[in-house]
Amino acid sequence: MQRAAAVGKAFERIVWLLAALAAAYLLLAGYYGYAVGRAMHDAKRNPLIAVVAGAIGREGSERYAITKARIPSYIVEAPTFWIALRLNE
């Protein structure tokens, strides 16, 4: 009986640890998305950059900004990255 309770407690700790790691990952990805979106927004204040960004399109300018910022692919794959990016672009 005590062994089953100990195993249950260990399993519960592992689940909470995984949940905390997932939340931290999503928050970190959201922060990166915010930072890239904010940088794109600030850069588009320059009329020349705004014309070039309009010419290459939304996906092209996003791809360029992500590459220039050297964001890891596992961050770019997170949905919170794209939500934050699109809200701040």
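Every value quoted in this text rests on a predicted model; they were computed, and no experiment measured them.

**Description of the packing of helix α2 (residues 47-69) against helix α4 (residues 79-88)**
Then comes step 1: Close contact between α2 and α4 brings their axes to 13 Å; oriented N to C, the two are set at 115°. In this view, α2 runs roughly perpendicular relative to α4, as classed from their interaxial angle. Like other packed secondary-structure pairs, α2 and α4 cross with a definite hand, here right-handed. When α2 is examined against α4, the residues Arg58, Glu62 and Ile66 are found in contact with a partner set consisting of Phe81, Trp82, Leu85 and Arg86.
Then comes step 2: Across the contact of α2 with α4, the residue classes tally to four nonpolar, no polar and three charged.

**Topic: the environment of Tyr31**
Then comes step 1: Looking at the element boundaries, Tyr31 is found in helix α1 (residues 2-43).
Then comes step 2: Remark: the alpha-carbon pair of Tyr31 and Ala84, spanning 53 residues in sequence, is separated by 7.4 Å.

**Brief notes about the packing of α1 against α2**
Then comes step 1: Remark: α1 packs on α2, axes separated minimally by 10 Å, with the N-to-C direction vectors making an angle of 150°. The angle between α1 and α2 falls in the class roughly antiparallel. Note on packing geometry: the crossing formed by α1 with α2 is right-handed. Residues Val36, Met40 and Ala43 of α1 pack against Ile49, Ser61, Glu62, Ala65, Ile66 and Ala69 of α2.
Then comes step 2: For the contact of α1 with α2, the per-class residue count stands at seven nonpolar, one polar and one charged.

Cut-offs applied
- Residues numbered from 1 in each chain as written.
- Predicted model: local features only at pLDDT ≥ 70, side-chain atom pairs only at ≥ 80, totals over all residues.
- Heavy atoms only, no water.
- Axes fitted to C-alpha atoms, helices over the stretch in contact; angles between N-to-C directions.
- Helix = DSSP H or I, 4+ residues; strand = E, 2+ residues; numbered from the N terminus.
- Parallel < 35°, antiparallel > 145°, perpendicular 65-115°, else oblique.
- Left-handed = near helix turned anticlockwise from the far one by under 90°.
- Contact = heavy atoms within 4.5 Å.
- Nonpolar A, V, L, I, M, F, W, Y, C, P; charged D, E, K, R; others polar.

These values are about where atoms sit, not about what they do.
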